Amino acid sequence: MIELKHITKVFKTGKSDVKALDDVSLTVEKGEIFGVIGYSGAGKSTLVRMANLLEEPTSGDVIIDSDNLVTLSKEALRKKRQRIGMIFQGFNLLKTLTVYQNIAIPLKLTGVAENEIKTRVKKYLEIVGLSDKTDVYPNQLSGGQKQRVAIARALSHEPDILLSDEATSALDPDTTDQILELLLKINRELGITILLITHEMHVIQRICDRVAVMENGKIIEQGPVVDLYTEPKHQTTRRFVESIFPSQTPKHIIKDLQKEGPILDLTFVGSATESPSLSVISNRYQIETNILSGNIVELKDQTFGKLRAHIKGSVQETTKSIDYLTDQGVIVREVVIHDGIY
Amino acid sequence: MTAFIERWGTTIIEATLATFQMVTISLFFSILIGLPLGVLLVISRTNGKRYIWLYRVLNIVINTIRSVPFIILLFALLPFTRAIVGTSMGVRGVIVPLVIFTAPYLARLMESSLLEVDQGVIEAYQAMGIKPLHIIWHVMIREAKSSIILGITIAVIGLIGATAMAGLVGAGGLGDVAYRFGHVRYQPEVMYVTIVILIILIQGIQTLGNVLSQKAKKD
């Protein structure tokens, strides 16, 4: 559906060149929600703007549905863009137009017939839940409502793809969740493929199928969201995962506890999250368990939990416990302190 | 009072009408030139390096014209004016210099109004595959309308000031009456009356501009 091939983008700023994207390739399959996460300055905003060529690559190809945008004529690119919706962090609505006009005027300018416009505005305002705000100006709306209007505007062109450039970054946590819920609904009910960028792991966790992690203009890791959660390979990825599971335990506590048995980071995916494995091991073996921190989160279509626990007991008994847990599908990692990092 | 009106009434009314005439006609042409010029300035300066040369050229031309005070421009342009409208005298003769004086000024005012338009909104429309000309009209000018109206108001007031010098080429107007009768022939009451009329005029225009601008804001 979306294929970015070996994209490099160099910004010439005076004397020094800035490489915003450095040989980036990624493929977004039809019907999936693909997330790109990175800290600011990682190049993710430039990346998403490649997908509709708002930003032209210095080299590389942008292939959408077998059309290479880079080689399209201006006119053909304009037509192609009408099939690709986009929403932004700043909503980008016209202040001087009502909600209705904000959706209707771009439709009119792309040649949609008058009565069809009426039907579509009504339909998509209903989908985003703002049917009662037709004649209101954007300044009278909250941030979340503005983003809903922007989403309705994008959807009204009935695109195959929706690009989201930090669409929830300006919103509070509750509103963010509502917008994410809406994006999920759009993806499921209208079958629209979504490519989004964000700096919040929460967004990835809630709605994405696959994710790419970016740093310094490069993709450093990509794959299904669950894989990144269970086995983050790169340091930056690990930091993003930890942003969801703050599991900082004071170092002296770890040192003290380790004298009487290992401290384990347990990762549960899917059905493993529902079985009471810890209580089973403490009944079955000569050990005592003590939970230091823990959390379960809902991924798009899976649950995922992380627990840090201390297992107090003899080496033999704790080893048996670890084996049992591993058998149950729990991913076990022992916490070790080295050089202050654990 | 009655005597004054009898003596000066027609002269002042005619002068007011002449001022109106000069302002309306030159404003019309100034907007016709100034607004597109303002758009061109903004587009050439906000589209990266591709059209920056155009911006530089326009910039120099506009600055050059704006360096010349109207009274000098009026005379410097005499041959040009004659070539274009066939005469350098009367209302017809003063329109050309008034437009050349006002259009670049208006272009600058339009430029700063259009620069206030959120670049993100323009980008959103580009992303929707909307034609550049439609973006200029339906996004840039529309969003800047309130500020554009204020800019035009400023330009009109500047124009009224400039028409005061139109008397020098025999175009008449309030300024001419004030100067010729009020100053040269020392009839201060004529000067005061024209000043009062001008004050009322400017207050009215500014108020009208503010109201229209507020209306265009819509929020």
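Here the structure is a predicted model, which means the values were calculated and not measured. (Residues numbered from 1 in each chain as written. Chains lettered and ligands numbered in written order. Predicted model: local features only at pLDDT ≥ 70, side-chain atom pairs only at ≥ 80, totals over all residues. Heavy atoms only, no water.)

Caption draft 1: Representation of the UniProt feature "domain: ABC transmembrane type-1" (unreviewed entry) in chain B within the structure. Those residues carrying the UniProt feature "domain: ABC transmembrane type-1" (unreviewed entry) are residues 16-209 of chain B in this numbering. As annotated, residues 16-209 of chain B comprises 84% helix and 0% strand, and the C-alpha atoms at either end are separated by 20 Å. (UniProt positions renumbered as here; feature names shortened; annotations may be inferred. Helix = DSSP H or I, 4+ residues; strand = E, 2+ residues; numbered from the N terminus.)

Caption draft 2: Structural detail: the environment of Glu 200 of chain A. Residues and elements named next belong to chain A. With respect to the element layout, Glu 200 can be found in the loop between strand S8 (193-198) and helix H7 (201-207). On the accessibility criterion, Glu 200 (24% relative accessible area) is partly exposed. With 40 residues separating them along the chain, Glu 200 and Asp 160 place their C-alpha atoms 25 Å apart. When neighbours within four sequence positions are excluded, Glu 200 is seen to be in contact with Ile 37, Thr 168 and Ser 169. (Buried < 20%, exposed > 50% of the residue type's maximum accessible area, 1.4 Å probe, protein only. Contact = heavy atoms within 4.5 Å.)

Caption draft 3: Geometry of the UniProt feature "transmembrane region" (unreviewed entry) in chain B. Residue and element names in this part refer to chain B. Mapped onto this structure's residue numbering, the UniProt feature "transmembrane region" (unreviewed entry) falls at residues 20-43, 55-78, 84-107, 148-170 and 190-212. The straight-line gap between the two end C-alpha atoms of residues 55-78 is 29 Å; of that span, 88% is helix and 0% is strand. Between the end C-alpha atoms of residues 190-212 there is a gap of 33 Å, over a span that is 100% helix and 0% strand.

Caption draft 4: The arrangement of the UniProt feature "domain: ABC transporter" (unreviewed entry) in chain A in detail. In the numbering used here, UniProt assigns the feature "domain: ABC transporter" (unreviewed entry) to residues 2-241 of chain A. Taken end to end, residues 2-241 of chain A is 38% helix and 28% strand, and its first and last C-alpha atoms sit 26 Å apart.

Caption draft 5: Empty space enclosed by the protein, seen in detail. Taken as a whole, this structure holds 2 cavities of 30 Å³ or more when the rule is applied. Roughly 90 Å³ of volume is contained in the largest cavity. In terms of lining residues, the largest cavity is bounded by Arg 81, Gln 82, Ile 84, Gly 85, Met 86, Phe 88, Arg 153, Ala 154 and His 157 of chain A together with Ala 124, Ala 127 and Met 128 of chain B. Taken together, the elements giving at least two residues each to the lining of the largest cavity come down to strand S6 (84-88) and helix H5 (143-155) of chain A together with helix H6 (119-127) of chain B. The element that contributes the greatest number of residues to the lining of the largest cavity is S6 of chain A, accounting for 4 residues. Residue classes in the lining of the largest cavity are distributed as 7 nonpolar, 3 polar and 2 charged. Here the second largest cavity is characterised by a volume of approximately 50 Å³. Lining of the second largest cavity is provided by Ser 164, Glu 166, Ala 167, Thr 168, Leu 183, Leu 196, Ile 197, Thr 198 and Val 203 of chain A. (1 Å grid on protein atoms, 1.4 Å probe; cavity = no way out; pocket = protein on both sides within 12 Å on 5 of 7 lines; lining within 4 Å. Points joined across faces, edges and corners; volume = space filled by probe spheres on them. Nonpolar A, V, L, I, M, F, W, Y, C, P; charged D, E, K, R; others polar.)

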